[in-house]
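Inside the fold
Each chain, written out:
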Amino acid sequence: MTRKDKTGKRIIKDSLFPVSLFAIYLGVILLMSGIHQGLVVLMNALALNSVIQTLIPTIYWSAVAVGLTFFTRKKIKDTYEAPLHRLAEATEQVAGGDFSVYVPTVHTSDKLDYLDVMILDFNKMVEELGSVETLKTDFVSNVSHEMKTPIAIIKNYAELLQMKNVSEEEKLEYAENIREAAGKLSALISNILKLNKLENQRIDPEIESYDLCGQLEECILQYEELWDEKELELEVDIEEGAVIQADPSLMELVWNNLISNAIKFTEPGGKVTIRQTGTSDHVEVSVSDTGCGMSRESVRHIFDKFYQGDTSHSKEGNGLGLALVRRILDLMNGEIQVISEKGKGSTFTVKLPRQKEGKEAIGG
Ligand SMILES: Nc1ncnc2c1ncn2[C@@H]1O[C@H](COP(=O)(O)OP(=O)(O)OP(=O)(O)O)[C@@H](O)[C@H]1O
Ligand SMILES: [Mg+2]
């Protein structure tokens, strides 16, 4: 961590007059001058001729100059060249697709200079690039995985259809299986496209004021056949007239996902409750079920793309529903909360801002 000043700006050490280097040079020069004096006294005592008396100090001071040059060279190398070299190597690794690199700073966090700050920023940049890359590869492998099963089903049944001695009844059954798998594939692709559009803000939500109660009732009716089939008890408690400002076609996806999950994850004979309440500012819709519920760990991931916690149902759907729900509610200024207990059931509560009286709908 870098140190920060009161305004939140990073404190970076400017390279001022380097006192330690000055002390080293002064010490060396004083010592060398002392030795020089000693040499002069010695040469006089030995009564050497004047050529030698000139030559010896010249050689001596040349040696001192060479020593100081090497010392300065090493200092520059340690301070700038070595870290820059490490940075160059790390950059090459990143360019080659390795995002695990980490370059250590030259100084400790209380003495950072501009080079250290550049190294810290580089490390942060690589870390972020790495996480984007992981997300991308995860996404591609998830999509491929989800597509593989229906494609394999279509292929197998198509091969069966091509065989001789297939009865009319079997033909119908195989064709039905192919139709179902193709339906799943098309639902997967349309969900991916929707999510992609929502995430890249390429959808302009068509915000309008509309009656949420009517929409909820319509959505619930669509699932009539499904709960009859599962013999689920249904309790609906909706107030009359609750006008909200949102995009109705996107909100329909939210209700459909929540209701279909409640039905899917509840055993036959269970109960699903849809309740709509509100304050003067907000409208709340909760979808509760007495189904399988989720562990805390699952609840933390249910809004992630492709996450499917309950493996017994993972053949149905692709784990994109709640990712879509969360994204849509973000765009509608809404919120979603989940309360769930494994084996007991779950409640999803959506909170949306209510249309203020006398306020015109925005957008549209
Ligand atoms: N009402 C619920 N009861 C228990 N678990 C649930 C409930 N709703 C969601 N989950 C869990 O959250 C996971 C993610 O839900 P999500 O709606 O995103 O995907 P899905 O329903 O499996 O597939 P899709 O929505 O793409 O058809 C589910 O697989 C399930 O494990
Ligand atoms: Mg779902």
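Anyway, here's the lowdown on the structure attached to this text. Since the structure is predicted, the reported quantities are computational estimates derived from the model, not experimental observations.

The helix and strand tally for the protein chain stands at nine helices and seven strands. The C-alpha radius of gyration of the protein chain comes to 37 Å, more than 25% above the 21 Å expected for a compact globule of 364 residues. Across its three principal directions, the C-alpha atoms of the protein chain cover 125 × 70 × 40 Å. For the protein chain, buried positions account for 30% of its 364 residues. As presented, the protein chain carries roughly 23,400 Å² of accessible surface, and 57% of it is formed by carbon and sulfur atoms. Of the charged side chains in the protein chain, 39 are positive and 55 negative, and the gap between their average positions amounts to 11 Å.

Bringing the nonpolar core into the picture now. Met 251, Trp 255, Leu 258, Ile 259 and Met 332 are the most contacted members of the largest nonpolar core, which totals 51 residues. For this core, the secondary structure elements donating two or more residues are helix H4 (168–199), helix H5 (212–222), strand E3 (243–246), helix H7 (248–264), strand E4 (271–278), strand E5 (282–289), helix H9 (321–331) and strand E7 (345–353). A per-element tally of this core places H7 first, with nine residues. Among the domains, domain 2 (130–199) and domain 3 (208–353) are the pair contributing at least three residues each to this core. With residues near it in sequence (within four places) discarded, Met 251 still touches Tyr 210, Gln 215, Ala 246, Ile 328, Leu 329, Met 332 and Leu 352. Val 94, Val 103, Leu 115 and Phe 122 belong to the second largest nonpolar core, which has nine residues in total.

A word on the side chain of Ser 288. With respect to the helices and strands, the residue Ser 288 is situated in strand E5. Residue Ser 288 is classed as buried on the basis of its relative accessible area, which comes to 17%. A distance of 3.3 Å separates the side chain of Ser 288 from the side chain of Thr 347, its partner in a polar contact. Ser 288 has contacts with Lys 271, Val 272, Thr 273, Ser 346 and Thr 347, leaving out every residue within four places of it along the chain.

For Val 64, the location among the structural elements is in helix H2 (residues 50–95). Sequence separation of Val 64 and Leu 250 is 186 residues, and the distance between their C-alpha atoms is 80 Å.

Rules used in this analysis
- Residues numbered from 1 in each chain as written.
- Chains lettered and ligands numbered in written order.
- Predicted model: local features only at pLDDT ≥ 70, side-chain atom pairs only at ≥ 80, totals over all residues.
- Heavy atoms only, no water.
- Helix = DSSP H or I, 4+ residues; strand = E, 2+ residues; numbered from the N terminus.
- Rg over C-alpha atoms; globule rule 2.2 N^0.38 Å.
- Buried < 20%, exposed > 50% of the residue type's maximum accessible area, 1.4 Å probe, protein only.
- Areas by Shrake-Rupley, 256 points an atom, 1.4 Å probe, with all protein chains shown as cover.
- Lys, Arg positive; Asp, Glu negative; His and termini not counted.
- Charge placed at Lys NZ, Arg CZ, Asp CG, Glu CD.
- Core = buried A, V, L, I, M, F, W, Y, C linked by side-chain atoms within 4.5 Å.
- Domains from an automatic or database assignment.
- Contact = heavy atoms within 4.5 Å.
- Polar contact = N/O pair within 3.5 Å; in protein donor to acceptor, adjacent residues only side chain to side chain.

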